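Letter by letter, the chains look like this.
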Amino acid sequence: MTATDRIRHSMYFALTAVTIWALPASAQNPKLPDPTSPDFCIAVQYILADTEIEPINEIFDNMPDYRHSKPSPNPLMIYQVVTYDEVGPIVVSCKVKTADHIRSEYGDDAAGEQRYCPEITRMLKEQAVAELQQWNPDAAEVARSFVIDETEPYMMGSSYLSDFQSSYLGEDGLIHFSSPGLQTNWDDWLIWIMPNRVRGQTYCHLPTLAYMKRLATGTTQPGATITTVDDAPTTPGNN
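The following paragraphs examine the structure supplied in this document. Given the structure is predicted, the values throughout are model-derived calculations rather than measurements.

## Section: unusual backbone geometry
For the bond from Asn74 to Pro75, the omega torsion is 0°, close enough to zero to count as cis. Its location among the elements puts Pro75 in the loop between helix H3 (63–68) and strand E2 (77–84). A positive phi angle is found at Asp50, which is not glycine, with a value near 50°. Within the secondary structure, Asp50 is located in the loop between helix H2 (39–49) and strand E1 (56–59).

## Details of the sheet that holds strand E6 (residues 167–169)
If you trace the three strands from one edge of the open sheet to the other, you get E4-E7-E6, paired in mixed fashion. Edge positions in the open sheet fall to strand E4 (147–148) and E6, since each of these has one partner strand only. Alignment of E4 against strand E7 (residues 175–177), held across two bridges, turns out to be parallel. Along E7, the bridge assignment pairs Val147 with His176. Packing of helix H8 (residues 209–217) onto the sheet brings it into contact with E4, E6 and E7, and relative to E7 it is tilted by some 170°.

## Some words on the environment of Ser72
Following the sequence through the fold, Ser72 ends up in the loop between H3 and E2. Along the sequence, Ser72 and Asn196 sit 124 residues apart, while their C-alpha atoms lie 9.6 Å from each other. If we ignore the near neighbours within four places in the chain, the residues touching Ser72 are Met77 and Lys97. Polar contacts involving the side chain of Ser72 include one to the main-chain carbonyl oxygen of Pro75, which spans 3.4 Å.

Cut-off values and rules
- Residues numbered from 1 in each chain as written.
- Predicted model: local features only at pLDDT ≥ 70, side-chain atom pairs only at ≥ 80, totals over all residues.
- Heavy atoms only, no water.
- Helix = DSSP H or I, 4+ residues; strand = E, 2+ residues; numbered from the N terminus.
- Pairing = 2+ DSSP bridges.
- Contact = heavy atoms within 4.5 Å.
- Axes fitted to C-alpha atoms, helices over the stretch in contact; angles between N-to-C directions.
- Polar contact = N/O pair within 3.5 Å; in protein donor to acceptor, adjacent residues only side chain to side chain.

These results come straight from atomic positions and should not be treated as a statement about function.
The following block contains the structure:
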């Protein structure tokens, strides 16, 4: 790891150590929308960039279109795709804009502190615990034990698009969730040489609430492998 990599690594984990109470009031403990709704990645944009700029979200029903999409700042265009297993949606993938690019386009007050993909996964975990508590307290306790990995975001799209396990059984005996992402901040001098269309981007792969609840109730097992190949199951029943 180079000195620059160590600095970036330290800065990332310092930021992600910010606890949930530090979120703006509008983003504290929100009930995230259904992952098949365009509202889901719109909520992700609002939360991760701490912005009220309203985006236009396009949901793709195929992975090639999602892979090749690039969010743009003005108008604020973002993108979404959902991965399914034989039961339902298990991962939702969002491409949104960074806080610093929104500020560059709309002014300093247009966005706040940048947040990262695991923040959304923690919110989904808390939502799963709250909903399960209503009818299955034992499953709620399992969900409460879920470990959300502080997955460091990539800088290269090819890494973000590589296969990964959304959940896995850790050596600690607990179910872990990963939230792979990509982060290319607009103001990052390390990537100024890159084309503008690849700068100012935040990408996330996020487990769905329904998938978390299935794992908590034991109706499915951890270890789902997510892929972004052309024939990835991006519509119900296509798996």
